[in-house]
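Chains, contacts and geometry: an overview
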Amino acid sequence: MSGMREGLLVVDRDMRVVASNSAAHRLFNLSGGKLNSQRLTELTRNPAIYSAFLDALQGTERSGVKVETHGPERLIFDLRVVPLNNSNGTPPSSTDITIPQGALGVFIDVTRIERLERVRQEFLSNVSHELRTPLTAILAFVETLETSAIEDQESAKHFLSIIRKSALRMNTLIGDILELSAIEAGNVKVRAEEFALAPLVAEVISALAAQAEVRAITVVNEVPLDTEVFADPRRLEQMLTNLIDNAIKFNREAGKVTVSFERGARDQILIVDTGEGIPAQYLDRLFERFYRVDRARSRVMGGTGLGLAIVKHLVRAHSGEVTVTSELGKGSSFTIELPRKDK
């Protein structure tokens, strides 16, 4: 009983605890106290627990009872309670009425399973929602072209342009989903090596120059030329592309993005923008999948809502961390922390 991960609780006919294990102590938040000899009503006010044990004492087995605790940490348990009958070795006759002498309850912690199921449901809901918008646009304009607009060359070109953008958005979203799934499944291998950081930053800035020019954003590379980092070059390029692209998208018109480097116990790559900033209440959830501070603006800008989640997982694959600080009206700063080779 002591070695079981499941909480075990045995009560007598008077609903008094006669046996328990350490897992049950954790369930009822009794670090130093004792469960034995206490009545069940003294341990919990949870009606689901009391009802399940009461039914078992009346001879009815209960299983699949969902129990939630609301202590320092919200836990979810699957409870099964069975009657306990005394036996003197003589088989009961068909007319005997067996009265349970107690009940045994097993509490199986399903908190993580419930959380994963909730994440799965949210993920499917978000994917469906994100795909529905471009797909609806594609179907609508294809139908328009089929009925009348195909003869109007100017309108046909405009509609085909919208269809192309919607298809590209779907393709990008599916690509990000596959990428994130591969990272989370551990199928992405990080091949870290020492290399010069400044040229890599320059390549990323050059690749995003067109987007920056449209909004008159100035992107500055302040990484010293002699700076070397220990990382997977391709994966770091992917992280920087996501972060600098976001800094351009959500900046002010004619704003500025600065990429710099600081060396300490860990190497730090900083991407700082002069945008509107992010409200403090959103910062903790910013790296969640599909989480957006401004959904409407993100869609207009073409974001999938997965970029920052990909960055977080790639940084952690390097045994590093990514953090964000922001001030409303002044801008945001994203920091990639990477371990040094000698650490």
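So, here is what we can say about the structure in this document.

Calculation criteria
Residues numbered from 1 in each chain as written. Predicted model: local features only at pLDDT ≥ 70, side-chain atom pairs only at ≥ 80, totals over all residues. Heavy atoms only, no water. Core = buried A, V, L, I, M, F, W, Y, C linked by side-chain atoms within 4.5 Å. Buried < 20%, exposed > 50% of the residue type's maximum accessible area, 1.4 Å probe, protein only. Helix = DSSP H or I, 4+ residues; strand = E, 2+ residues; numbered from the N terminus. Contact = heavy atoms within 4.5 Å. Pairing = 2+ DSSP bridges. Axes fitted to C-alpha atoms, helices over the stretch in contact; angles between N-to-C directions. Expected span 1.5 Å × (residues − 1). Polar contact = N/O pair within 3.5 Å; in protein donor to acceptor, adjacent residues only side chain to side chain. Arc of directions from axis to C-beta. Salt bridge = Lys/Arg side-chain N within 4 Å of Asp/Glu carboxyl O. Phe/Tyr/Trp six-rings, centres within 6.5 Å; stacked < 30°, edge-to-face > 60°.

**Notes on the nonpolar core**
Within soluble globular proteins, side chains that are nonpolar tend to cluster in buried spots. Counting residues in each nonpolar core, the largest one holds 50 residues, and the members touching the most others are Leu 197, Leu 236, Leu 240, Ile 244, Ile 269, Ile 271 and Ile 336. With seven residues, helix α8 (residues 233-249) is the largest single contributor of residues to this core. Contact partners of Ile 271, with chain neighbours within four places excluded, come to Leu 240, Leu 243, Ile 244, Ala 247, Val 257, Thr 258, Val 259, Ser 332, Ser 333 and Phe 334. If you look at the next biggest cluster of nonpolar residues, it comprises 23 residues, including Ala 24, Leu 40, Leu 75 and Phe 77.

**Structural notes on the sheet that holds strand β11 (residues 321-327)**
Spatially, five strands are ordered β7-β9-β10-β12-β11 in an open sheet, and the strand pairing comes out mixed. On the outer flanks of this sheet lie β7 (218-221) and β11, each paired with one strand and no other. Pairwise comparison of adjacent strand axes, ignoring direction, gives a mean angle of 15° for this sheet. Pairing of strand β9 (residues 256-263) with strand β10 (residues 267-273) involves seven bridges; the strand directions are antiparallel. Each residue of the ladder has a partner; that of Val 259, found in β10, is Ile 271. Across the sheet, α8 lies against β7, β9, β10 and β12 (331-338), angled at about 25° from β10, the strand it touches most. Helix α11 (residues 307-317) rests against β11 and β12 of the sheet, and its axis sits at about 135° to β11.

**Quick look at α8**
An α-helical turn contains 3.6 residues, so any two residues separated by three or four positions project in the same direction. Its 17 residues give α8 an end-to-end C-alpha distance of 24 Å, which sits within 8% of 24 Å, the value for a rise of 1.5 Å per residue. Those residues of α8 that fall on the buried side of the exposure criterion are Arg 235, Leu 236, Met 239, Leu 240, Leu 243, Ile 244, Asp 245, Ala 247, Ile 248 and Lys 249. Of the residues flanking the start of α8, the one acting as N-cap is Asp 232, its side-chain oxygen 3.1 Å from the backbone nitrogen of Arg 234.

**What about helix α6 (residues 197-207)?**
Along α6, the residues classified as buried are Leu 197, Ala 198, Leu 200, Val 201, Val 204 and Ile 205. Considered in projection along α6, the buried side chains sweep an arc of 160° and stay on one side of the axis. Away from its buried face, by an angle of more than 90 degrees, α6 presents the exposed residues Ser 206 and Ala 207.

**Comments concerning the pattern of salt bridges**
Evaluation of the coordinates by the stated rule reveals eleven salt bridges. Here Asp 55 and Arg 62 are joined by a salt bridge, their closest N and O atoms 2.5 Å apart. A residue is classified by how much of its surface remains accessible, and Asp 55, at 22% relative accessible area, is partly exposed. One salt bridge in this structure joins Arg 235 and Glu 179, with 2.6 Å as the shortest N-O distance. One end of the pair, Arg 235, is in helix α8; the other, Glu 179, is in helix α5 (residues 153-184), and 56 residues separate them in sequence. Of the two residues, Arg 235 and Glu 179, neither departs from the other in class, the shared state being buried.

**Things to note about the environment of His 318**
Within the secondary structure layout, His 318 lies in the loop between α11 and β11. A relative accessible area of 9% means that His 318 is categorised as buried. Excluding residues within four positions of it along the chain, His 318 makes contact with Val 190, Ala 231, Asp 232, Arg 235, Met 239, Leu 338 and Pro 339.

**Some details on unusual backbone geometry**
Positive phi, close to 55°, is recorded for Ala 216, a residue that is not glycine. Checked against the element boundaries, Ala 216 lands in the loop between α7 (209-214) and β7. In this model, Ala 254 sits at a positive phi of 60°, which is unusual for a non-glycine residue. In this fold, Ala 254 is placed in the loop between α8 and β9. The exposed category is assigned to Ala 254, whose relative accessible area is 57%.

**Remarks on the packing of aromatic side chains**
The final tally for this structure, using the stated rule, is three aromatic pairs. Ring geometry for Phe 141 and Phe 159: centres 4.9 Å apart, planes at 35°, overall tilted. Placement of Phe 141 in helix α4 (residues 111-147) and of Phe 159 in helix α5 is noted, with a sequence separation of 18 residues between them. Overall, Phe 159 belongs to the buried group, its relative accessible area being 16%. Where Phe 287 meets Phe 334, the ring centres are 6.2 Å apart and the plane angle is 80°; that geometry is what we call edge-to-face. One end of the pair, Phe 287, is in the loop between α9 (280-283) and α10 (295-301); the other, Phe 334, is in strand β12, with 47 residues separating them in the sequence. The class for Phe 287 is buried, based on a relative accessible area of 10%.

Purely geometric stuff here, so don't read any function into it on its own.
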